Amino acid sequence: MNNSQKLVRTALLLALAIGVQAIGRSFPQISQIFVGSVVNAALIIAAYSCGMSWGILLGALTPMLAWIIGQLPGPMAPFVPFIMIGNAIFVIFFSIMKDKIESLKYIGVVIAAFIKYAFLSLSASKLIYIFNLGIPKKVAAKLAVMMGVPQLITALIGGFIAIILVNALVRRRVIS
């Protein structure tokens, strides 16, 4: 697959993520689990079918666009770089495991999800204070909850949905 094809596939996954984020904005009660799972699935599909760098690019764009369209509240803007890093961690650790042995992709999802969760949880509960990001205390408390266990759940759900879809696409020879 050449770079043009990878760009198009990644752009389609980005469009899917933006569409889901826009829908999630209208339904806040299901937003984090639904939106987070779909975005994480898109990251894994991009990493698997286009390569780690394309998955990282997608992982950098999704939180920025979530903030722009209002999926992430305005006061959380200083936290967007941490989400970008968390997404990169998810993609990198999955890609490393998948590239070692194909059957490790399931374990790769679990390990990558736990590392992403640990980073985001630590960032929301400790690093925002160390870096003095100026996030109001009430928002910081909500952020700590959002970046805790729900991040682990959405990474696991999204990762396993992605693996199921990737396996189906490989069987149908849509991707290799």
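Use the structure listed above.
(A) Structural detail: the layout of surface pockets. What the largest pocket holds in volume is close to 500 Å³. Residue lining of the largest pocket: 26 residues in total, with Gln32, Val35, Gln71, Leu72 and Met146 positioned closest to the centre. Mapped by element, the contributors of at least two residues to the lining of the largest pocket are helix 1 (3-26), helix 2 (28-49), helix 3 (52-69), helix 4 (80-100), helix 5 (105-130), helix 6 (137-146) and helix 7 (149-171). In terms of residue count, helix 2 provides more of the lining of the largest pocket than any other element does, 7 residues in total. Split by residue class, the lining of the largest pocket holds 11 nonpolar, 12 polar and 3 charged.

(B) Spatial organisation of the side chain of Thr154. Here Thr154 lies in helix 7. Exposure remark for Thr154: the relative accessible area of 1% places this residue in the buried category.

(C) Spotlight on a nonpolar patch on the surface. Nonpolar side chains collect at one region of the surface, where Ile33, Val149, Ile153, Ile157, Ile161 and Leu165 lie side by side and expose about 460 Å² of accessible area between them. Locating Ile161 in the fold gives a position in helix 7.

(D) Up close: the environment of Leu133. You can see Leu133 is positioned in the loop between helix 5 and helix 6. A C-alpha to C-alpha distance of 16 Å links Leu133 and Met147, two positions 14 residues apart in sequence. Setting aside anything within four residues of it in sequence, one finds Leu133 in contact with Pro78, Phe82 and Ile128.

How each quantity is defined
- Sequence order sets the numbering: in each chain, residues are counted from 1 along the sequence as written.
- Confidence filtering applies because this is a predicted model: local features only for residues at pLDDT of at least 70, side-chain atom pairs given and counted only at 80 or more, and all residues used for totals across whole chains, interfaces and linings.
- Side-chain figures throughout are based on the complete set of non-hydrogen atoms in the structure, without hydrogens or water.
- Cavities and pockets are found on a 1 Å grid laid over the protein atoms alone: a cavity is a set of points where a 1.4 Å probe fits but cannot escape, a pocket is an open set with protein on both sides within 12 Å along at least five of seven lines, and a lining residue has an atom within 4 Å of such a point.
- Grid points are joined across faces, edges and corners, and a volume is the space filled by probe spheres set on the points.
- We count a stretch as a helix when DSSP gives it H or I for four or more residues in a row; a strand needs E for two or more, and each element gets its number in order from the N terminus.
- Each residue is assigned to one of three groups, with Ala, Val, Leu, Ile, Met, Phe, Trp, Tyr, Cys and Pro labelled nonpolar, Asp, Glu, Lys and Arg labelled charged, and all others, Gly among them, labelled polar.
- With a 1.4 Å probe rolled over the protein chains alone, any residue whose accessible area is under 20% of its type maximum counts as buried; one over 50% counts as exposed, and the rest are partly exposed.
- Patch construction takes residues with relative accessible area above 30% that form no salt bridge. Like charges are linked within 9 Å, and nonpolar side chains (Val, Leu, Ile, Met, Phe, Trp, Tyr) are linked within 5 Å.
- Note on areas: Shrake-Rupley, 1.4 Å probe, and residue coverage restricted to the protein chains presented here.
- By convention in these notes, a salt bridge is any Lys or Arg side-chain nitrogen within 4 Å of a carboxyl oxygen on Asp or Glu.
- Should any heavy atoms of two residues lie within 4.5 Å, those residues are counted as being in contact.

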